[in-house]
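Next come the chains, spelled out residue by residue.
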Amino acid sequence: MEKVKRVNRMVALTKLLVDSPQRLISLNTFCDFFNIAKSTLSEDLSSVKGSLKHFELGTLETVAGAAGGVRFIPYRKGERANQVLEDVYQRLMTSDRIIPGGFIYMSDILYDWHVVSRLGEIIMTRFATSHPDYIMTVETKGIPLAVMVARAFNKPLVIARRDSKVTEGSSISINYVTGSSGRIQTMSLTKRAIPPHARVLIIDDFMKAGGTAKGLAELVAEMNGVVVGTGVLVATQSPSPKLVNDYEALFTFYSIDEQTKKIHIEPIFDEVDRT
């Protein structure tokens, strides 16, 4: 590739990094791609990292050594995370979301990739120190959120099914009791999905009593894996405690008044350092 102006090169460099979050890319790859020396690349990376930090858009992490390189980490915290949560909160508060039976409609948010991708980055940031090997959810509404969390971590997504599929080969199935209704349900996972001792982060869209999350954790245990955390979009305030102890939600749902069309739900904001 012929040499280009530095501003054009930095735009392309940023694009390549952002498109592959958490992926370690060798410096030689960029040097060959742009036909530049490592010293020039280092200056470019320093500028990109400074811009990302200034606007709180993520960061670059450099790994030294022959097998090293640079990777983009799309963290979203503080005011940038809180703005996303506030926008989702405003959408959730509209009275036309109330469904008979005391439920709240969230499918349009869950299937809006523009919003869910940012929610996935928030969850990734809050679970960054858990270092999962796999992201796991259960079909079906939690899949879009789990996909975006998996992308932010750059880790494979594993989906537990309500019933086994012949096309996926042999599988492990468990029965679990839903915490809210006390019904017995089944979920299964192909034996090839998770290797032994894998670190698994569980993601779901909604938690009431925690029965589904507990069932997913039991399924991971059957696969000889380790659950490193549970993240959900919305968790109800009651019942409390849940069937799972270690979880983190982005919103707490308190109640719905179908008579007055009032929804009581609160975002769980990041603390912001004002100093």
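Residues numbered from 1 in each chain as written. Predicted model: local features only at pLDDT ≥ 70, side-chain atom pairs only at ≥ 80, totals over all residues. Heavy atoms only, no water.

### Considerations on the UniProt feature "domain: Bacterial purine repressor N-terminal" (unreviewed entry) in the protein
Mapped onto this numbering, the UniProt entry gives "domain: Bacterial purine repressor N-terminal" (unreviewed entry) at residues 5-74. In the segment residues 5-74, helix accounts for 54% and strand for 14%; the C-alpha atoms at its two ends are 26 Å apart. (UniProt positions renumbered as here; feature names shortened; annotations may be inferred. Helix = DSSP H or I, 4+ residues; strand = E, 2+ residues; numbered from the N terminus.)

### Topic: the pattern of salt bridges
All chains considered together, the criterion is met by twelve salt bridges. Of the charged contacts, one joins D108 and R91 as a salt bridge, the two residues approaching to 3.4 Å between their closest N and O atoms. You can see D108 sitting in helix 5 (residues 107-110) and its partner R91 sitting in helix 4 (residues 78-92), a full 17 residues away along the chain. Look at R91 and you get partly exposed, because its relative accessible area is 29%. With a shortest N-O distance of 3.4 Å, R91 and D112 are connected by a salt bridge. Separated by 21 residues along the polypeptide, R91 in helix 4 and D112 in the loop between helix 5 and helix 6 (113-126) bring together distant segments of the chain. For D112, a relative accessible area of 23% gives the class partly exposed. (Salt bridge = Lys/Arg side-chain N within 4 Å of Asp/Glu carboxyl O. Buried < 20%, exposed > 50% of the residue type's maximum accessible area, 1.4 Å probe, protein only.)

### Details of the packing of aromatic side chains
All chains considered together, the criterion is met by three aromatic pairs. Taking 6.5 Å as the distance between ring centres and 20° as the angle between the ring planes, the aromatic pair formed by F30 and F34 counts as stacked. Placement of both F30 and F34 in helix 2 (residues 27-34) is noted, with a separation of four residues, approximately one turn of the helix. The residues F30 and F34 share a single accessibility class, namely buried. A connected cluster of aromatic rings, assembled from ring pairs, spans F30, F33 and F34. If you follow K77 out to its NZ or CZ, it ends over the ring of Y75, 5.3 Å from the centre. (Phe/Tyr/Trp six-rings, centres within 6.5 Å; stacked < 30°, edge-to-face > 60°. Lys NZ or Arg CZ within 6 Å of the ring centre and 35° of its normal.)

### Observations concerning helix 4
Taking 1.5 Å per residue as the helical rise, helix 4 with its 15 residues ought to reach 21 Å, and the 21 Å between its terminal C-alpha atoms agrees with that figure. Those residues of helix 4 that sit buried are G78, R80, A81, N82, V84, L85, V88, Y89 and L92. Buried residues along helix 4 sit in contact with strand 4 (103-104), helix 5, helix 6, strand 11 (248-257) and strand 12 (262-267). (Expected span 1.5 Å × (residues − 1). Contact = heavy atoms within 4.5 Å.)

### Here we look at a nonpolar patch on the surface
Where nonpolar side chains cluster on the molecular surface, the patch consists of I99, F103 and Y105 and spans about 300 Å² of accessible area. In this fold, Y105 is placed in the loop between strand 4 and helix 5. (Patch = residues over 30% accessible without salt bridge, like charges linked within 9 Å, V, L, I, M, F, W, Y side chains within 5 Å. Areas by Shrake-Rupley, 256 points an atom, 1.4 Å probe, with all protein chains shown as cover.)

### Some points on the domain arrangement of the protein
Domain assignment breaks the protein into domain 1 (6-73) and domain 2 (78-267). Each of domain 1 and domain 2 has a C-alpha centre, and the two are 33 Å apart. Taken residue by residue, the interface counts nine residues in domain 1 and six residues in domain 2. By the criterion of area lost to domain 2, the three top residues of domain 1 are P21, Q22 and E56, representing 69% of everything that side buries. Along the contact surface separating domain 1 from domain 2 lie zero salt bridges. Run the count over domain 1 and domain 2 and you get two residue pairs in polar contact (both at pLDDT 80 or more). When the residues that make up the side of domain 1 that touches domain 2 are grouped by side-chain class, the tally is five nonpolar, one polar and three charged. (Domains from an automatic or database assignment. Buried area = accessible area lost by both parts, 1.4 Å probe. Polar contact = N/O pair within 3.5 Å; in protein donor to acceptor, adjacent residues only side chain to side chain. Nonpolar A, V, L, I, M, F, W, Y, C, P; charged D, E, K, R; others polar.)

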